[in-house]
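Analysis of the macromolecular model
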Amino acid sequence: MKKHHWYPLLAAAVMFVCMSATAVADSRATMVDAIQKNDSVSRFSPLFPNALYWQHAHDSTVLAETLVATVHDEQNANEPPASFSRLQSELLNNDVIALYGKPGARNMGILGQYTIEEIEPVMDEFVRAYDEANGIRGVIPAVYIIYGTVWPEGEIGLTREAVIHEYIEFAHERGWYVFIDHQIGRYSVENAVQTLLPWLKYPNVHLAIDPEWRTDKPMQEIGYVTGDELNMAQQMIQDYIVENNLPGRRMLVFHQFKPKMIANRNAVRSDFERVKLIHCADGFGNPGQKINAYRFNALAENIPLKSFKLFLKPTIEKAGWDQPLMSPEEVLSLDPRPYLIMYQ
């Protein structure tokens, strides 16, 4: 399948999930989705990570008073977060719908085709479609920003911090998530993650890396990362969250559309308590091609949380896209179901 170049478990685990869902239902959390469903429906619908604690499930509509969490230095980073062992996932009863791209770059995804003022009604259309298709589950909107963009010879250009801050604040005011993506380039995964870590002080921010662009020959060869590097990235994120006493859990998304993109995939861990690893099926094509790529990712049962990316008709000639575009119903019928769906 071609690629657009710019742009359960054991019975005990099943029982635990079922018990968790029952307990969450008892909390009868008020809905806070962009598209409101019946308020009497019992769903766990946190906006930000501080709502991922059991004791906060009942007031998940309450936003943090401040946008920025305090990042501690080594002298005062010893006290662990409250209720560390009781963290739950917003994905339990919600799907995340993200619009992908680079702000201001029309040829790098739908996000760049609109100004920040114009993106909300566009987002609402996608949210409405999935809200109608996913039953009683909630929908959390998100913007998925290419922050570290690969340049010729694998150099990396970073989106201006002021632009990222603007999107984070805009998203926070609306209860949206922000994914900040780094394409790695000729540098190490460690370097890319280190660049991303400071953004975690914003409680609606999650991180992403794209192995395709981990190369010094972008658009000539497809890059890769290793299972050990993905584990290292998760450990770095977890350590940063714990050391700085930041709330909740964060997602780390990584992309794959070719087998070579993740070396030693069986070694990847998904048991970091403060990090949710999300495995995204990338690449454009017809539904059959995309489903086949997704099935290959689904074979990695050690990475249970899956994501699916769709490509809208691009603004530049000869760029690939999904023909025809799969419907929300088709996307949600994938096995295993994806919990993060993004549109480029």
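Use the structure listed above.
I will try to describe carefully the structure that is included in this document. (Residues numbered from 1 in each chain as written. Predicted model: local features only at pLDDT ≥ 70, side-chain atom pairs only at ≥ 80, totals over all residues. Heavy atoms only, no water.)

Within the protein one finds 7 helices and 11 strands. Out of the 344 residues in the protein, the part that is buried amounts to 54%. Surface exposure of the protein reaches about 14800 Å², of which carbon and sulfur atoms provide 52%. (Helix = DSSP H or I, 4+ residues; strand = E, 2+ residues; numbered from the N terminus. Buried < 20%, exposed > 50% of the residue type's maximum accessible area, 1.4 Å probe, protein only. Areas by Shrake-Rupley, 256 points an atom, 1.4 Å probe, with all protein chains shown as cover.)

Formed by 63 residues in total, the largest nonpolar core has its most connected members in Tyr130, Ile180 and Ile237. Ignoring sequence-local partners within four residues, the contact set of Ile237 consists of Val193, Leu197, Leu200, Leu207, Leu252 and Val275. (Core = buried A, V, L, I, M, F, W, Y, C linked by side-chain atoms within 4.5 Å. Contact = heavy atoms within 4.5 Å.)

Should the charged atoms of two oppositely charged side chains come close, the side chains can pair. Following the criterion strictly, the structure yields 10 salt bridges and no others. Between Glu155 and Arg186 there is a salt bridge, and its shortest N-O distance comes to 3.4 Å. On the criterion of sequence distance, the pair formed by Glu155 in the loop between strand E2 (138–150) and strand E3 (156–158) and Arg186 in the loop between strand E4 (177–182) and helix H4 (189–196) is long-range, its members being 31 residues apart. A relative accessible area of 44% places Arg186 in the partly exposed class. Of the charged contacts in the structure, one is a salt bridge between Lys290 and Asp322, with a shortest N-O distance of 3.2 Å. Taken together, the positions of Lys290 in helix H6 (residues 287–298) and Asp322 in the loop between strand E10 (306–310) and helix H7 (328–332) put the pair 32 residues apart, joining distant regions of the chain. Lys290 gets classed as buried once you look at its relative accessible area, which sits at 2%. One connected set of salt bridges, linked through shared partners, spans Asp95, Arg137 and Arg337. (Salt bridge = Lys/Arg side-chain N within 4 Å of Asp/Glu carboxyl O.)

The subject of this paragraph is H4. Structural remark: α-helix, 3.6 residues per turn; residues separated by three or four positions point the same way. Turning to H4, its buried residues number three or more, namely Val189, Ala192, Val193 and Leu196. The buried side chains of H4 occupy one side of the element, clustering within an arc of 95° when seen end-on. Elements in contact with the buried residues of H4: E2, E4, strand E5 (205–209), strand E6 (225–226) and helix H5 (227–243). (Arc of directions from axis to C-beta.)

For helix H2 (residues 119–133), built from 15 residues, the straight-helix expectation of 21 Å at 1.5 Å per residue is met to within 8% by its first-to-last C-alpha distance of 22 Å. Residues of H2 that are buried: Ile119, Val122, Met123, Phe126, Val127, Tyr130 and Asp131. Check the buried side of H2 and you find it contacts strand E1 (94–101), E2, helix H3 (161–174), E10, H7 and strand E11 (340–343). (Expected span 1.5 Å × (residues − 1).)

Turning our attention to the environment of Gly157. Looking at the element boundaries, Gly157 is found in strand E3. You can call Gly157 buried: its relative accessible area is 7%. With 26 residues separating them in the primary sequence, Gly157 and Gln183 have C-alpha atoms 9.6 Å apart. Discounting chain neighbours no more than four positions away, the residues touching Gly157 are Tyr147, Gly148, Thr149 and Trp151.

Note on placement: Arg214 falls in the loop between E5 and E6. Relative accessible area serves as the criterion here: at 19%, Arg214 is assigned to the buried category. For Arg214, the side chain forms a polar contact with the main-chain oxygen of Tyr187, separated by 3.5 Å. Here the side chain of Arg214 touches Glu229 through a polar contact of 2.9 Å, side chain to side chain. (Polar contact = N/O pair within 3.5 Å; in protein donor to acceptor, adjacent residues only side chain to side chain.)

Below, the discussion takes up the packing of aromatic side chains. Evaluation of the coordinates by the stated rule reveals 9 aromatic pairs. Measuring from ring centre to ring centre gives 5.7 Å for Tyr147 and Trp199, while their planes differ by 85°; the resulting arrangement is edge-to-face. One end of the pair, Tyr147, is in strand E2; the other, Trp199, is in the loop between H4 and E5, and 52 residues separate them in sequence. As far as the burial class goes, Tyr147 and Trp199 line up, both buried. An aromatic cluster is built from Tyr100, Tyr144 and Phe179, whose rings are joined through pairwise contacts. A cation over an aromatic ring shows up here: Arg265 above the ring of Phe296, its NZ or CZ 4.3 Å from the ring centre. Above the face of the Phe308 ring, Lys290 is positioned so that its terminal group lies 5.1 Å from the ring centre. (Phe/Tyr/Trp six-rings, centres within 6.5 Å; stacked < 30°, edge-to-face > 60°. Lys NZ or Arg CZ within 6 Å of the ring centre and 35° of its normal.)

As a further point, take the pairing of strand E9 (residues 275–281). Most of E9 sits inside the fold, with 7 of its 7 residues counted as buried. Note that strand E7 (residues 250–256) and E9 share 7 bridges and pair parallel. Residue pairing in the sheet places Val253 in a bridge with Ile278 of E9. Note that E9 and E10 share 3 bridges and pair parallel. For His279, the partnering residue across the bridge sits in E10 and is Lys306. (Pairing = 2+ DSSP bridges.)

So, on to a negative patch on the surface. Taken together, the side chains of Glu117, Glu118, Glu166 and Glu169 present a region of like negative charge at the surface. Tracing the backbone shows Glu117 in the loop between E1 and H2. Of the residues examined, Glu117 reaches a relative accessible area of 59% and is grouped as exposed. (Patch = residues over 30% accessible without salt bridge, like charges linked within 9 Å, V, L, I, M, F, W, Y side chains within 5 Å. Lys, Arg positive; Asp, Glu negative; His and termini not counted. Charge placed at Lys NZ, Arg CZ, Asp CG, Glu CD.)

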